[in-house]
Amino acid sequence: MYAHQGSILHVDLTEDKIWKEPLPEEWRKLYVGSRGINARLLWDYCKDPDITWDDPRNVIIYAPGAVTGTTAPASGRTSVTTVGCTTGLYLKSNMGGHWGAELKFAGYDHIVVHGEAERPSYIEINDDHVDIHEDTDLWGKDVLETDTYLKKKHGYDSKGLYIGPAGEKLVRGASIMGSCYHAAGRGGGAAVMGVKNLKAISVKGTKPIRVKDPKRFAEVAKEMRELLIEDSGAQGLHEHGTAGSMAGVNELHALPGKNWQTGHTENVYPITGQAVTEQGYLKRRVACFGCTIGCHRYSEIDEGPHAGIASGGPEYETLGALGNGPGLVDTEAVLILNEICNRLGLDTITAGTVVQWAIESYERGVLTKEDTDGLELGWGKLEETKEAIIKMAERDGSLGNLMGDGLKIATEQVGQESYKWAIMNSKGLEQSNVETRSAKAYALAFAVNPRGNDHLMTETFAEFGASPEAVEVIEKITGDKKYATPHSTEKRAEIVRWHEDCYEITEALGFCVFTSTAAFGVNPDNMARLYEAATGIEMDEETLMRTGRRVVTLEKAFNVTRGATRKHDDLPYRLMHEGAASGPLKGETNNPEELAKMLDRYYTLHEWDLKTSWPYRSTYEKLQLDDVADYLERFGRLPEE
Amino acid sequence: MSNVLLVDMEKCTGCKQCALACSLTKEDLFDPLRSRIKILKREKTAMSVQLLCEQCSGHPCTDACPEDALTRDEGTGIITVDADLCTGCGACAKVCPYHAIRLHPETEVPLICDLCGGDPYCVQHCVPEALMWVDETDERVKEKKKLRAARMAQYKSIIEES
Ligand code: SF4
Ligand code: SF4
Ligand code: SF4
């Protein structure tokens, strides 16, 4: 087979069974790859709503992209799909690094892990040879220790995907780590691995990847590469990493601080990407497999009491969530917390959002010293923050358990209206560091995101119109450049829906979404041409975007089985009801009326029912998802047309 | 005027574009194990080292070959492999001081960079400019050796650790 390797690997941990299935040709046309085919697999195995995240019948699926392993620039990413433990709904998390490409070279497009091992185990893949190893020694090891241990066993050149102690302890913000420092961080996929007693997947592969028309493929890949070389966004990402934009975001008063109570920070420099670079913490610029941008960092503290602390990152989100958020405007503080989270396998976004909620709760007297195990939590306190995060990762004490459960459960447990300052929406995922009160397409995108409110299912960065390429994208979608302004609520539904499709196909092919929705070198047109050259399957922009829509609709349907309705498409209470603290949009909220209007338009565009938010039968049928409609009909989950 | 390939480890992000490009141009497929440039990675410190034929003046590889399968162009230093003579014994790979040679996983013929006959395909793919194809001057040749020494030191430390 061309581009794909043509094989799905199944591993059943309960039955100790391993089998392979051919990748259906039909799926390559309808769902393309990675996130798309994962969504189909999850539907097929887990559509029954009785299958909760910790049910052995829940599967966790890992997949590199359709063109991963080739010179298509930045196409080495991997999607992980499962029933999420944070929300109980559909979860897709995507990671970089080199693990996914290795899996592809081992000959697999997808791995589906079923069941639950009796004791701590890991999966070893060496081309056709696949084994489940029981190994209790691995349990308790942090991510780096796990890496050392498994590389000793399976070779220096093996690639690993691991969970840390946080995943073992079923912390809901636990993160799956690949190539040591790359994370499929959001939504608690690591806890799903934890409950399956699955510590790691070690992979080694030697099988080449072929494309149908190498000459044409190389031409399109070159076109993409050259567009990315020219793109200012991509250049900035290489130079100062994702956090290169921190100062700019701060200027817009859109940098969340103190649990979203502030949007602007004086002297923000220490937590910018520039500070990491210029102060000598940056040791290397690092790329995921096949990536010509190289936005990832490796950084280290050389001197002082914290000398020797080193890790991958820190990323924008980490400098936001663990720096600006808890009031730690200090480079080294973030490097320290980042290192802990990476090592223990904890999502830095969730860790940051939860700790900020805990600090504010303590400040308000809603959490007492007894609840915090004696910790005097507060803003700008590194030691206390650090201890709270370690407790969270290890579910240590009452504070560790409370934080380890995430905001959704913690707010229910604590009560006292503590949801009012919990930065999550009704689905229950902790929000990433985007000020949605002043970016309205982001607001809508966050509200409708099937996995909870963050930017990693749809990124509408173009609405800022920060570059000519961004403005062009907005003009292409809406017909007018004037809509390239984040403050407008007009045309936001159109912008979000286009980006949903584009984001999905970007991931299905294996591209990093930075190439298509933050920088602008990869787009639906050149992706379609590339896919055709790679596979020989006829493809054009419109057909490819339709596969994106199909997957987005299937992901929506999955949540419909779990009873998600329009009510779940909201934003955090604070952002809907409290005004932004400063800046040009001081006092601005994501008020429910404004959101409702955008939602109406968004559901209308999708041809989904306005009341329930559910897709109609005809909507499914137009996307060749008839079987999905049939299933939902049995549950009474098809709205009347 | 001839050119020289500068290979800078410090600028290398470890993306493997070069290796994929090399396998594409030489083998018509994508496979880092079939490329003439190898990227050795230490994931823990996110370190990557490029390994490829340096067209060195000592060229012990040609002498080591019991079948006389390797010939060297005196002008460019480029090594050519005669696949018909080669038995895949791997003697050349063992003696290469720069750990540049790997045998083809199927044919076992050594994979040796030939600078693509003067237009290295990998260089076009190395966006961070860790690979640079530049005019040959004394200065550049010196720089090439310095960069190489740094890579070899790093290679050693990675291999020792593993
Ligand atoms: S293309 Fe350049 S940056 Fe990428 S691995 Fe090769 S030498 Fe390093
Ligand atoms: S293969 Fe090794 S020994 Fe032979 S010329 Fe190249 S660098 Fe020298
Ligand atoms: S110059 Fe040509 S043969 Fe040598 S590593 Fe680069 S692509 Fe391969």
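The rules behind each value
- Residues numbered from 1 in each chain as written.
- Chains lettered and ligands numbered in written order.
- Predicted model: local features only at pLDDT ≥ 70, side-chain atom pairs only at ≥ 80, totals over all residues.
- Heavy atoms only, no water.
- Helix = DSSP H or I, 4+ residues; strand = E, 2+ residues; numbered from the N terminus.
- Buried < 20%, exposed > 50% of the residue type's maximum accessible area, 1.4 Å probe, protein only.
- Contact = heavy atoms within 4.5 Å.
- Areas by Shrake-Rupley, 256 points an atom, 1.4 Å probe, with all protein chains shown as cover.
- Lys, Arg positive; Asp, Glu negative; His and termini not counted.
- Charge placed at Lys NZ, Arg CZ, Asp CG, Glu CD.
- Salt bridge = Lys/Arg side-chain N within 4 Å of Asp/Glu carboxyl O.
- Near = heavy atom within 4 Å.
- pLDDT = per-residue confidence, 0-100.
- Buried area = accessible area lost by both parts, 1.4 Å probe.
- Patch = residues over 30% accessible without salt bridge, like charges linked within 9 Å, V, L, I, M, F, W, Y side chains within 5 Å.
- Expected span 1.5 Å × (residues − 1).
- Polar contact = N/O pair within 3.5 Å; in protein donor to acceptor, adjacent residues only side chain to side chain.
- Phe/Tyr/Trp six-rings, centres within 6.5 Å; stacked < 30°, edge-to-face > 60°.
- Lys NZ or Arg CZ within 6 Å of the ring centre and 35° of its normal.
- Pairing = 2+ DSSP bridges.
- Core = buried A, V, L, I, M, F, W, Y, C linked by side-chain atoms within 4.5 Å.
- Axes fitted to C-alpha atoms, helices over the stretch in contact; angles between N-to-C directions.
- Parallel < 35°, antiparallel > 145°, perpendicular 65-115°, else oblique.
- Nonpolar A, V, L, I, M, F, W, Y, C, P; charged D, E, K, R; others polar.

On to the overall build of chain B. Assigned secondary structure in chain B consists of 5 helices and 8 strands. Based on the C-alpha atoms only, the size of chain B along its principal axes is roughly 40 × 40 × 30 Å. Each of the 162 residues in chain B was classed as buried or not, and the buried ones make up 54%. Considering only intrachain contacts with a sequence separation of at least 6, the fraction spanning at least 24 residues in chain B is 61%. For chain B, the accessible area works out to roughly 7400 Å², and carbon and sulfur atoms hold 49% of it. A distance of 7 Å separates the average location of the 20 positive side-chain charges in chain B from that of its 26 negative side-chain charges.

Residue and element names in this part refer to chain A. Here Thr553 shows up in helix H22 (residues 541-561). For Thr553, a relative accessible area of 1% puts it in the buried group. Residue contacts for Thr553: discarding those within four places in its chain leaves Trp608, Pro615, Tyr620, Leu623 and Leu625.

Attention shifts here to the pattern of salt bridges. With the rule as written, the count across this model stands at 60 salt bridges over all chains. A single network of salt bridges, built from pairs that share partners, joins Arg35(A), Lys92(A), Glu507(A) and Glu555(A).

Residues in close proximity to ligand 3 include Cys22(B), Lys26(B), Arg36(B), Ile37(B), Cys113(B), Asp114(B), Leu115(B), Cys116(B), Pro120(B), Tyr121(B) and Cys122(B), which together make up its full environment. Of all the secondary structure elements, the ones that give two or more residues to the shell around ligand 3 are helix H1 (17-27) and helix H4 (121-125) of chain B.

Attention now moves to the confidence of the model for chain B. A residue-level look at chain B finds 99% of positions with pLDDT of 70 or above and a mean pLDDT of 96. In the predicted assembly, ipTM is 0.97 and pTM is 0.97.

Where the parts come together, the accessible area they lose is often given as the size of the interface. Between chain A and chain B, the contact holds 38 residues from the first and 32 residues from the second. A buried area of about 3000 Å², summed over both sides, lies between chain A and chain B, and 60% of it is on carbon and sulfur atoms. It is Thr71(A), Tyr156(A) and Arg284(A) that lose the most area in chain A upon contact with chain B, and together they represent 23% of the buried surface on that side. Applying the counting rule to chain A against chain B returns 1 salt bridge. Between Lys151(A) and Glu43(B) there is a salt bridge whose closest N-O contact spans 2.8 Å.

Residues and elements named next belong to chain B. Taken together, the side chains of Glu136, Asp138, Glu139 and Glu143 define an acidic patch exposed on the protein surface. By the secondary structure assignment, Glu143 is in helix H5 (residues 138-161). Overall, Glu143 belongs to the partly exposed group, its relative accessible area being 36%.

Okay, helix H12 (residues 331-344) of chain A next. Residues and elements named next belong to chain A. The end-to-end C-alpha distance of H12, which contains 14 residues, comes to 20 Å, matching closely the 20 Å that a straight helix rising 1.5 Å per residue would cover. Burial analysis of H12 places 13 of its 14 residues in the buried class, the great majority of the element. Measuring from the backbone nitrogen of Glu332 back to the side-chain oxygen at the start of H12 gives 3.0 Å, which picks out Asp330 as the cap. Downstream of H12 by one or two residues, Gly345 has phi in the positive range, about 75°.

So, about the environment of Ala100(B). All names here are of chain B. With respect to the secondary-structure elements, Ala100 resides in the loop between helix H3 (91-95) and strand S6 (102-103). Taking the relative accessible area as the measure of exposure, Ala100 reaches 2% and is therefore buried. A sequence separation of 20 residues divides Ala100 from Pro120, and the C-alpha atoms of the two residues are 16 Å apart. Look past the residues within four positions of Ala100 in its chain and what remains in contact with it is Arg36, Lys38, Leu52, Cys53 and Leu111.

Each aromatic ring pair is summarised here by two numbers: the centre-to-centre distance and the angle between the ring planes. All names here are of chain A. In this structure the tally under the stated criterion is 14 aromatic pairs over all chains. A ring pair is formed by Tyr90 and Phe558, whose centres lie 6.1 Å apart and whose planes are at 65°; its orientation type is edge-to-face. Here Phe558 lies in helix H22 and Tyr90 lies in strand S5 (residues 90-95), a separation of 468 residues in the sequence. Each of the two residues, Tyr90 as well as Phe558, counts as buried. A centroid spacing of 6.1 Å and a plane angle of 50° characterise the contact between Tyr442 and Phe464, whose relative ring orientation is tilted. Remark: Phe464 occurs in the loop between helix H17 (440-448) and helix H18 (468-478) and Tyr442 occurs in helix H17; sequence separation between them is 22 residues. Of note, Lys47 hangs over the ring of Tyr631, and the distance from its end group to the ring centre comes to 5.4 Å. The ring centre of Trp421 lies 4.1 Å from the NZ or CZ of Arg364, which sits over that ring.

Moving on, we come to the pairing of strand S4 (residues 78-83) of chain A. All names here are of chain A. Counting buried positions along S4 yields 6 of 6 residues, so the element is predominantly enclosed. Taken together, the 4 bridges between strand S3 (residues 60-64) and S4 define a ladder with antiparallel strand orientation. In the strand pairing of S4, Tyr62 is matched with Val80. Relative to S5, S4 is paired through 6 bridges, and the arrangement is antiparallel. What sits directly across from Thr82, in S5, is Leu91. Between S4 and S5, which pair antiparallel in sequence order, lie 6 residues; one of them, Gly88, sits at a positive phi of approximately 75°.

The next point concerns the nonpolar core. In this structure, Tyr62(A), Ile111(A), Ile125(A) and Ile201(A) are the most contacted members of the largest nonpolar core, which totals 108 residues. Among the nonpolar cores identified, the runner-up in size contains 68 residues, and Ala221(A), Phe446(A), Phe511(A) and Leu605(A) belong to it.

A few words on the packing of helix H2 (residues 34-46) of chain A against helix H19 (residues 492-509) of chain A. All names here are of chain A. Where H2 contacts H19, the axes come no closer than 5 Å and their chain directions differ by 95°. One way to sum up the angle between H2 and H19 is to call them roughly perpendicular. On H19, the residues that touch Ser34, Arg35 and Gly36 of H2 are Tyr503, Glu504, Glu507 and Ala508. Here the contact of H2 with H19 is built from residues that sort into 2 nonpolar, 2 polar and 3 charged.

All names here are of chain A. Taken together, the 6 strands give an open sheet; going across it, the order is S2-S1-S6-S3-S4-S5, and neighbouring strands pair in mixed fashion. The strands lining the two open edges of the sheet, one partner per strand, are strand S2 (17-22) and S5. Strand after strand, the sheet turns through a mean of 15° between neighbouring axes, direction not considered. This element, H2, spans strand S1 (7-12), S2, S3, S4, S5 and strand S6 (110-114) of the sheet and lies at about 20° to S4.

All names here are of chain A. Here 3 strands make up an open sheet; going across it, the order is S13-S14-S15 and the pairing antiparallel. The open sheet has two free edges, formed respectively by strand S13 (282-286) and strand S15 (310-312), since each of these has just one partner strand. Between one strand axis and the next, the sheet turns through 10° on average, direction left out of account. Strands strand S14 (296-300) and S15 of the sheet are contacted by H12, whose axis makes an angle of about 65° with S15.

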